[in-house]
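Structure at a glance
One-letter residues, chain by chain:
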Amino acid sequence: MRGPRPIYEPQRYPQAGENNPDVRLGVVAATGGNTRWMDVSGTHDDALIARAGWMPDSTHVYAVRTNRLQNRLELLSAAAASGKASRILEESDPYWVNIPDDPVFVDGGKQFLWLSERDGFRHLYLNSIDGKQSRQLTKGPWEVTSINGVDESAGRVYFTSSETSPLERQFYSIGSGGESKTRLSFGSGTHTIAMGPGEHFYLDTFSSVSSPPRTTLHAGDGRELGVYREANRRITEDFEILPTELVNFRTADGALLYARLIRPAGFDASRKHPAVVLVYGGPQAQGVRNAWMGVDLDQVLAHAGFVVWQVDNRGSYGRGHAFETPVFRNLGVTELTDQVAGVDYLLSLGFVDRARIGIRGWSYGGFMTLNAMLNAPDLFRAGIGGAPVTDWRNYDTIYTERYMGLPKDNPDAYRRTALPEQAKNLKGRLMIAHNVEDDNVLFQNTVQMLEALERAGKQFELQIYTQKTHGVTGIEARQLNAAMLDFFQRNLK
């Protein structure tokens, strides 16, 4: 609500190293009455409740609890009548445990399906509720990305995975004993599944870098029964969608990285073109996929004459836990090394001008943009950092401490990765954009960065928005996109 006076809206936001709020899990009768508190909270300030819900017998609730550093996880069962809790399973990791989805109960609650990375990749396990038995149903150097349904009468579990390629999502079923794994989806790309009650039918929404989303209806055995929603071909008819190429390359130390490339309108391989790198770079995200991207700013930039480039560096999602952990306790370092390697590979193709390379990103990508501008200043001529984390001591406890640990235990890395202290390194042209009421990455990050740049005598551009969100949306987004296009045209053309 806009008006002539500000409104005070306090919000709890514990930053890295600060006290977390005490959280309790309780049960109350649907008709009201006293709350029965479950004994799942653990030690004060060292326990996080990540998941909770009812178990099938309606007399117990489950809770997924981790320690503060999130390198130990427990699945607990608590009696609703007494609150007494017992542990069903425990997992630990020398780095961190990625929190799985909620357990899927089967066999009347005597067993449950669970996603775990205990062998290095996220796979499907069938566990007994007493914690005494655990059977791994899927195995291999790929990820199960979701459990889509269970047909108990047929003894089949439906799931989506990256088995064919880290860039794809395909749909499978498997027997409850791990036998007879069957691929049900076809077509190289991304399949998003919505199963109906009883798992007898499902909708499959398929897309690829060259195909807009198309949704079809299938029987549980994979047979296509009809088209639920055809692809919207008006997009490709009304707009010239420049093709996206999926490529891969290896870094100097042998890591295989995936990237996507859009060549500009009027592309001439004999000329040197300016390029804009899109970056996110943070954990639990994957930007390079064989999926439809649609009409977005990348297409606008490509039509304006820019090569568009994106790389998923180490630390990103979908390649197994070992691919993520190089960022542990040192956010931004390995990620930037891989992004620089990506630009070097792009330059090796022969059609990009080394003197006209820009970079842009939002949130973690904003952090990475400023990181690149300050720590690879001779490579990037212009950058737009949106809603950037500029000092990990400013970000929230849950996310930051999972990867960086507590500030008191890892002070050198927190100080080394703080960007305001590196403001003096800026050489290129920089724009920062941020919502002043951002409740995810606090505006405090941008304020500290601006002060450091001003004290260092560095020039920059600033786009300030007043929305209460982490991203800029609506009509303001149109204004921001126009400003970003103008910025790159002024500084890279």
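Okay, so let's go over this structure.

Conventions adopted
Residues numbered from 1 in each chain as written. Predicted model: local features only at pLDDT ≥ 70, side-chain atom pairs only at ≥ 80, totals over all residues. Heavy atoms only, no water. Phe/Tyr/Trp six-rings, centres within 6.5 Å; stacked < 30°, edge-to-face > 60°. Buried < 20%, exposed > 50% of the residue type's maximum accessible area, 1.4 Å probe, protein only. Lys NZ or Arg CZ within 6 Å of the ring centre and 35° of its normal. Axes fitted to C-alpha atoms, helices over the stretch in contact; angles between N-to-C directions. Helix = DSSP H or I, 4+ residues; strand = E, 2+ residues; numbered from the N terminus. Parallel < 35°, antiparallel > 145°, perpendicular 65-115°, else oblique. Contact = heavy atoms within 4.5 Å. Nonpolar A, V, L, I, M, F, W, Y, C, P; charged D, E, K, R; others polar. Salt bridge = Lys/Arg side-chain N within 4 Å of Asp/Glu carboxyl O. Polar contact = N/O pair within 3.5 Å; in protein donor to acceptor, adjacent residues only side chain to side chain.

Now for the packing of aromatic side chains. All told, the structure shown has 23 aromatic pairs when counted by the stated rule. Aromatic pair Trp392 and Tyr399: ring centres 6.2 Å apart, planes at 20°, arrangement stacked. Trp392 sits in the buried class, given a relative accessible area of 1%. By relative accessible area, which is 16% here, Tyr399 ends up buried. Following the ring pairs from residue to residue traces out a cluster consisting of Tyr95, Trp96, Tyr280, Phe328, Tyr364, Phe367, Trp392, Tyr395, Tyr399 and Tyr403. The ring centre of Tyr125 lies 4.2 Å from the NZ or CZ of Arg118, which sits over that ring. Lying over the aromatic face of Phe323, Arg319 brings its terminal NZ or CZ to 4.2 Å of the ring centre.

What follows covers the packing of helix α4 (residues 333-348) against helix α5 (residues 364-375). The geometry of α4 relative to α5 is characterised by a closest axis approach of 10 Å and an angle of 70° between their N-to-C directions. Considering their axes alone, α4 and α5 lie roughly perpendicular with respect to each other. Within the contact between the two elements, α4 uses Glu335, Leu336 and Gln339 and α5 uses Tyr364, Met368, Asn371, Ala372 and Asn375. Class assignment of the residues belonging to the contact of α4 with α5 gives a composition of four nonpolar, three polar and one charged.

On to the pattern of salt bridges, then. Evaluated as defined, the whole model comprises 26 salt bridges. In this structure, Lys139 and Asp119 form a salt bridge, with 3.6 Å as the shortest nitrogen-oxygen distance. Separated by 20 residues along the polypeptide, Lys139 in the loop between β10 (134-136) and β11 (144-151) and Asp119 in the loop between β8 (111-116) and β9 (123-128) bring together distant segments of the chain. Note on Lys139: relative accessible area 61%, which makes it exposed. The exposure class assigned to Asp119 is partly exposed, which follows from its relative accessible area of 30%. Here Arg260 and Asp298 are joined by a salt bridge, their closest N and O atoms 2.4 Å apart. Of this pair, Arg260 sits in strand β20 (residues 256-262) while Asp298 sits in helix α2 (residues 297-303), and the two are 38 residues apart along the sequence. Asp298 gets classed as buried once you look at its relative accessible area, which sits at 2%.

Within the element layout of this structure, Thr190 appears in strand β15 (residues 190-195). Polar side-chain contacts of Thr190 include one of 3.0 Å to the backbone oxygen of Asn290. With residues up to four places along the chain from it excluded, the contact list for Thr190 reads Leu167, Arg169, Thr205, Phe206, Ser207, Arg289, Asn290 and Ala291.

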